[in-house]
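Here is how the chains run, residue by residue.
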Amino acid sequence: MQVKEFKPLIVAFCCNWCSYAGADLAGNNRLNYPAEVKIIRVPCSCRVNPMFILRAFQRGADGVILCGCHPGDCHYTSGNYYTRRRMAMLFSMLDFLGIERERTRVEWVSAAEGAKFSAVMTDFAATVKALGENKRLEDLRCKK
Amino acid sequence: MQKVSQQQLIDKAVSLLADGTVSCVLGWTKGEFDYDITPALFTDEASLRQGFVWNDFCGANFSKYLVAKTRKCEGKILVFLKPCDTYSFNQLLTEHRFDREKVYAVGIPCEGMADIDKVKAICGDGISSIDCNGEKMAVQTIYEDAPVQVDASSVLAERCINCKSKKHVAYDELMGDEGDVIDSARFDEVAKLEAMTPDERFTFWQNELSRCIRCNACRDACPACTCEVCVFNNPKSGVENKSPANSFEEKMFHIIRAFHVAGRCTDCGECSRVCPQNIPLHLLNRKFIKDMNECYGEYQAGAEVGSRAPLVNYTTDDLEPGEVFNGRDSDA
Amino acid sequence: MQRIGVFVCWCGSNIAGTVDVKAVAEALKAEPGVVFSTDYQYMCSQAGQDMIKESVREHKLTGIVICSCSPRMHEATFRKTAAAAGLNPYMVEIANIREQCSWVHKEMPIGTEKAIILGKAAVAKVNLNTPLTPGESPVTKRALVIGGGIAGIQTALDIADAGFPVDIVEKKPTIGGKMAQLDKTFPTLDCAACILTPKMVDVAQHEKIRIFSYSEVSEVKGFVGNFDVTIKKHARYVKEDVCTGCGACVEKCPMKKVPNEFNLGMDNRPAIYIPFAQAVPKVATIDPNACNMLKNGKCGLCARVCTAGAIDYKQQDEYIQEKYGAIVVATGFNPISMDKFDEFAYNQSKDVITSLEFERLTNAAGPTAGKLLRPSDGKHPHTIVFVQCVGSRCDSCAQKGKEYCSKICCMYTAKHAMLTRDKYPDTEVYVFYIDVRTPGKSFDEFYRRAVEEYDVHYIKGMVGKVTPQGDKLKVQASDLLSNKQLHIDADLVVLAAAIEPDKSARPLATMLTASMDTNDFFTEAHPKLRPVESPTAGVFLSGTCQGPKDIPETVSQAGAAASKVIGLLAKDKLKGNPCVAHSNEQMCNGCSSCERVCPYGAITYEDKEFRMPDRTTAIRRVAAVNPAVCQGCGACTVACPSGAMDLRGFMNEQIMAEVDAICK
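Residues numbered from 1 in each chain as written. Chains lettered and ligands numbered in written order. Predicted model: local features only at pLDDT ≥ 70, side-chain atom pairs only at ≥ 80, totals over all residues.

Colleague: I'd like to hear about the overall build of chain B, residue by residue, with values.
Modeller: The number of helices and strands found in chain B is 12 helices and 9 strands. Reported as C-alpha extents along the three principal axes, the dimensions of chain B are approximately 60 × 50 × 40 Å. Out of the 332 residues belonging to chain B, those deemed buried represent 45%. Looking at chain B alone, contacts between residues at least 24 apart form 68% of all its contacts between residues at least 6 apart. (Helix = DSSP H or I, 4+ residues; strand = E, 2+ residues; numbered from the N terminus. Buried ≥ 20, exposed ≤ 12 C-beta atoms within 10 Å, placed from the backbone. Contact = placed C-beta atoms within 7 Å.)

Written out as structure tokens, the structure is:
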């Protein structure tokens, strides 16, 4: 029997001003990264509600990554500072509940860092892939 | 036994009603059993003398009731606040949830509340009456002739063993001392869990949370959960679920609830007290409090009105989300 | 239910090369709401856009999904196309299948699969899109300039010359600021007063400009185009419109022992005073802390000598309310306190002075009438040591001084050194420096003249200690180039103190909800592309409140700020971004969490009556978002525990639908 290769499902929330532009630059420069990464555009990383992240896990995502402008560079001056606190607390809580901490990540990617975007996504996808399927936080209803 | 007697509180309430300071009294009354105390609103002396109860089972935190009651009552409401209740009281004021002018708050000292499950563990089921007025608690069961004498300190609720403060941070009038903030070991249990491996933690929480029946008692009793419409009741929120359809939703409910009250939770412990399944829900809230204290400096919600909670605040050199795990990698 | 049209772009071979566009169009046909799906070589071309318009009409589309390049590229284009077809422009969503797909995934099946998923997410979002209309708000055609130094003066003049009324609020009794205290200006050496005072007069005489001197901004409400500002006019105990500035009161005032702040305390002034001869407005002011009449009711001499009858001991602080469309911050700078720099003996010897004090000592209108005399004994100094970078470019660990370069010190020190040598050739002048920084037009030439023509001794190294001894100042320093310790017996030591933003800037920033950096300099909206705008709409920056600057730079920034203000005031109405936060009043708790995280102060609260579930009514505090101020970051939506706060265009439901579509 042939074992099918595990392909993780990764949701990446990217802020419109820096990280989404960084992803565009990765595209412009043809910097490859795994196709498992699917980007959702948000105006600012601070728009990302923990509920979105949990929802992604519930619906079968294996990893969720949040990208925003570097601290100090937020288009809205302070949005990513709130993101930083919220996600630090959320991730610590998920870890407290025994959920693999490597499944969640925050990265700051500027509009000029296409190469970083590609590298971060490649690394994150590999990390999540190594962890295997997300069993601890999944919605049993949604699996066939 | 409590320092201030039931009679003193009734007399205080009666006199404040009589001189027109307040028009009604938010107090405790006996429910189905002696230990099953429920909140009640009194408006006259007769009902106070007949129904008002104050003993070791009056754990209910009345701050939350003020949100709805102040909207309804004409005149001021008298509320008796234990030290831990005063933090919730202040937190609700910080959030503008009720009009301070409509409340007359009397601070009362608290010697800690009893956990009925601990009493039952000593005396067994079938408790017909409990008298908390003596040195020891006298528990009468239907199976025994004489009441069992129980040491109040041996049946103290977990949240009272780890009481964080006997200080009244808000009141119009005080019966007894103002009290002090005390050192507590309330984070020890959280630290114990943190020291476990992720697998052990997962197993621990799976055992605990899978018992959840989604009765919503934790939410309904929580003084921080005073939302006009809870996200879990709101079909547009995307997380609406009134009962869990699977194991994920149990976790999701408790994570989101804990996150929503993070920075606003005063650690009053009502969630765990009211949980019929005895899930230690307060540990989730304490985890957030511990993390926020460690990462962003000590913060006690409700210690003062108008303070800015850590999650609606920031500094430019906060640690990165990945760095919260630094120094706790014994389990990595 | 929406009727959605899907348009898959080939982008020539850019997309079609690695994504099977026909398969994508076909797959998306099956998605809920999709009634039409097609592909085309260049969607952004005129023909492509015409096809979209045609399809909207033919299929009665209510929403459009374009699978193409990044929305950062053509979102605006396709929104216009939708509008031209009679659709609300915000009913368009773009699936980025070029930058995020065809350009980064080389294999056709992988690219195609991902493109379909991205398309599904966009369809899921459009299903929940609602038409959005940008709000409009009127513009009050009046500007407020806070600060009356050269920056504020230039900004005000430029705005007023364009025909818009301007008010200047200055906290001192006169406008003029720091430049009025300077003697000569580098690198041309023209006298500061000669070029500044005519401008001050222009301001005073300009029919479009009002000056509120001795005043401060005490409250700011509102938003771009519609600021409501309260100005507190301090009582100066002199009727401004009656006083003629004759100066008789100043002459007669018996209380003459008040340190004169205009000369930095190096001489005294009376309790009633006019800061300097060319002050604007030229009106006397009574110092309530010094005046005997105001303190204990004994005196009243000034009232008796004032023939105009301008003295009014009972004058009260006055509050003025005014509406403005734009606010310019021009609060300027101050030299830092020398208290932490004991090594230079500033507090021990009168002959250790700051550069600004040196300016007054050499100024013809200064305490020594322009003669360079030592403050201690009035003798001519024969050896002067200038110390650069005092408190500038400090190590952050040193706990004193500033990390930044104050930028102007190298040049004014060269000026001081050169002027001293020019006027008093018998004086030896030493300048101790870390580096000499001269990036500016004619700056390096100027510095070289000081060294080459005027024989100023420039020594690379820092002064370690200054010790007063007798009537000399023992200066201990190191010469880094020859690696020697130097001991100089100086008569005068001049410290080039770092400059810092005025203390009034921080509370003002809070009022304006304008952001500041850790040094209390105002932050610009973009360091390169929007250097004179604050991130807070309608607030502009002029001069050193934004960072250290010399006069030419300040004036050019002042002009730039003015042109931005003029651009704003020239509009009759402002069109907002419709993707802003809004609060559902039924669900709002009024808890203020959202207000605390809003960087723009866009959220206010109001008490409203509501029908409760039990059919009673109750007054509840609820949040209201001002769409003209909100910039749409969404910080509030997550801070809101009840989920009452949501962001138009990026609603919770919409993002969740995208998550679901991706994870399906």
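Colleague: I'd love a proper account of the nonpolar core, names of residues and values included.
Modeller: Ranked by internal contacts, the top residues of the largest apolar core, which has 233 residues, are V11(A) and C67(C). Of the residues forming this core, the biggest block, 10 residues, is contributed by helix α3 (residues 79–96) of chain A. Apart from the residues lying within four places of it in its own chain, the contact partners of V11(A) are K38(A), I40(A), A56(A), A61(A), V64(A), V659(C), I662(C) and C663(C). Listed in part, the 78 residues of the second largest apolar core include L182(C), Y237(C), I311(C) and A509(C). (Core = buried A, V, L, I, M, F, W, Y, C linked by C-beta atoms within 7 Å.)

Colleague: Please give an account of the packing of α3(A) against helix α12 (residues 282–296) of chain B that cites residues and values.
Modeller: It is at 10 Å that the axes of α3(A) and α12(B) come closest, and there the two elements cross at 130 degrees. The orientation of α3(A) relative to α12(B) falls into the category oblique. For the pair α3(A) and α12(B), the sense of crossing is right-handed. Counted together, A88(A), M89(A), S92(A), M93(A) and F96(A) of α3(A) and K287(B), F288(B), D291(B), M292(B) and C295(B) of α12(B) form the full contact between these two elements. (Axes fitted to C-alpha atoms, helices over the stretch in contact; angles between N-to-C directions. Parallel < 35°, antiparallel > 145°, perpendicular 65-115°, else oblique. Left-handed = near helix turned anticlockwise from the far one by under 90°.)

Colleague: For the pairing of strand β27 (residues 492–497) of chain C, give the residues involved together with the corresponding values.
Modeller: Residues and elements named next belong to chain C. Most of β27 sits out of view: 6 of its 6 residues are buried. Alternating residues of β27 divide into L492, V494 and A496 and V493, L495 and A497, and every residue in both groups is buried. In this structure, strand β20 (residues 352–354) lies alongside β27, joined through 3 bridges in parallel fashion. From the neighbouring strand, V352 faces β27, where its bridge partner is V493. Bridging between strand β21 (residues 383–390) and β27 involves 5 bridges; their strand directions are parallel. (Pairing = 2+ DSSP bridges.)

Colleague: Mind laying out the packing of helix α10 (residues 247–261) of chain B against α12(B), listing which residues take part and the relevant values?
Modeller: All names here are of chain B. For the pair α10 and α12, the least separation of the axes is 10 Å and the interaxial angle reads 45 degrees. As the angle between them shows, α10 and α12 are arranged oblique. Considering only the axes of α10 and α12, their crossing is right-handed. Residue-level inspection shows H254, A258 and V261 of α10 in contact with α12, the latter providing L284, N285 and F288.

Colleague: Account for the sheet that holds strand β25 (residues 472–479) of chain C, with residues named and values stated.
Modeller: Residue and element names in this part refer to chain C. Ordered in space as β24-β25-β26, the 3 strands form an open sheet in which the pairing is antiparallel. A single partner strand is all that each edge strand has here, and the edge strands are β24 (463–469) and β26 (484–490). Ignoring strand direction, the axes of neighbouring strands in this sheet form an average angle of 20 degrees. Examined bridge by bridge, β25 and β26 share 7 bridges and lie antiparallel to one another. Each bridged residue has a counterpart across the sheet, and for Q476 the counterpart in β26 is H487.

Colleague: Please set out the sheet that holds strand β10 (residues 209–212) of chain C residue by residue, giving values where relevant.
Modeller: Residues and elements named next belong to chain C. Pairing in this open sheet of 5 strands is parallel, and the strands run β10-β7-β6-β18-β29 from one edge to the other. Each having just a single partner strand, β10 and β29 (539–541) make up the two edges of the open sheet. Neighbouring strand axes in the sheet, compared pairwise and without regard to direction, differ in orientation by 20 degrees on average. Pairing of strand β18 (residues 326–329) with β29 involves 3 bridges; the strand directions are parallel. By the bridge assignment, I327 is partnered in β29 with V539. Here helix α7 (residues 150–161) sits on the sheet and contacts β6 (143–146), β7 (166–169), β10 and β18; the angle it forms with β7, its principal contact strand, is near 170 degrees.

Colleague: Lay out helix α6 (residues 108–126) of chain C with the relevant residues and their values.
Modeller: Between its terminal C-alpha atoms α6(C) stretches 27 Å, which fits the 27 Å expected from 19 residues at 1.5 Å a residue. Burial analysis of α6(C) places 15 of its 19 residues in the buried class, the great majority of the element. (Expected span 1.5 Å × (residues − 1).)

Colleague: Any chance you could break down the confidence of the model for chain A for me, citing the residues and the numbers?
Modeller: Of all residues in chain A, 93% have pLDDT values of 70 or greater, and the mean over the chain is 90. When mean pLDDT is compared element by element in chain A, strand β2 (residues 37–42) of chain A scores highest at 97, while helix α2 (residues 50–58) of chain A scores lowest at 91. (pLDDT = per-residue confidence, 0-100.)

Colleague: Explain the environment of K221(C) residue by residue, including any values.
Modeller: If you trace the backbone, K221(C) turns up in strand β11 (residues 215–223). When the 12 C-beta atoms within 10 Å are taken as the criterion, K221(C) is described as exposed.

Colleague: So what's going on with the interface of chain B and chain A? Which residues, and what values?
Modeller: Listed by partner, the interface residues are 36 residues for chain B and 34 residues for chain A. Put simply, the parts of the chain that give the side of chain B that touches chain A at least two residues each are α7 (188–194), α8 (198–209), α10 and α12 of chain B. For the side of chain B that touches chain A, the element with the highest residue contribution is α10(B), accounting for 8 residues.

Colleague: Provide a residue-level description of the domain arrangement of chain B, including the pertinent values.
Modeller: Residue and element names in this part refer to chain B. Domain boundaries in chain B define domain 1 (6–112 + 161–174) and domain 2 (188–327). For domain 1 versus domain 2, the distance between C-alpha centres works out to 26 Å. Listed as interface residues are 16 residues of domain 1 and, on the opposing side, 16 residues of domain 2. Ranked by the residues each element gives to the side of domain 1 that touches domain 2, the list is headed by helix α4 (residues 83–94), at 8 residues. Grouping the constituent residues of the side of domain 1 that touches domain 2 by class yields 6 nonpolar, 7 polar and 3 charged. (Domains from an automatic or database assignment. Nonpolar A, V, L, I, M, F, W, Y, C, P; charged D, E, K, R; others polar.)

Colleague: Mind laying out the pairing of β6(C), listing which residues take part and the relevant values?
Modeller: Residues and elements named next belong to chain C. Burial along β6 is two-sided: the face carrying A143 and V145 and the face carrying L144 and I146 are both buried. Summarising the sheet, β6 and β7 pair through 4 bridges and their orientation is parallel. Bridge pairing in β7 links V145 to I168. As for the winding sense of the linkage, the β-α-β connection from β6 through α7 to β7 is right-handed. (Right-handed = clockwise from strand over helix to strand, strands pointing away.)

Colleague: I'd love a proper account of helix α3 (residues 46–59) of chain C, names of residues and values included.
Modeller: Residue and element names in this part refer to chain C. Helix length check: α3, at 14 residues, gives a terminal C-alpha distance of 20 Å against a target of 20 Å (1.5 Å per residue), a fit within 8%. Among the residues making up α3, those that are buried are G48, Q49, I52, S55 and V56. The buried side chains of α3 occupy one side of the element, clustering within an arc of 120 degrees when seen end-on. The exposed set on the far side of α3, more than 90 degrees from its buried face, consists of Q46, A47, E54, R57 and E58. On the buried face of α3, the contacting elements are β1 (4–9), β2 (34–40), β3 (63–68) and α4 (71–84). Remark: K60 follows α3 within two positions and exhibits a positive phi of approximately 50 degrees. (Arc of directions from axis to C-beta.)

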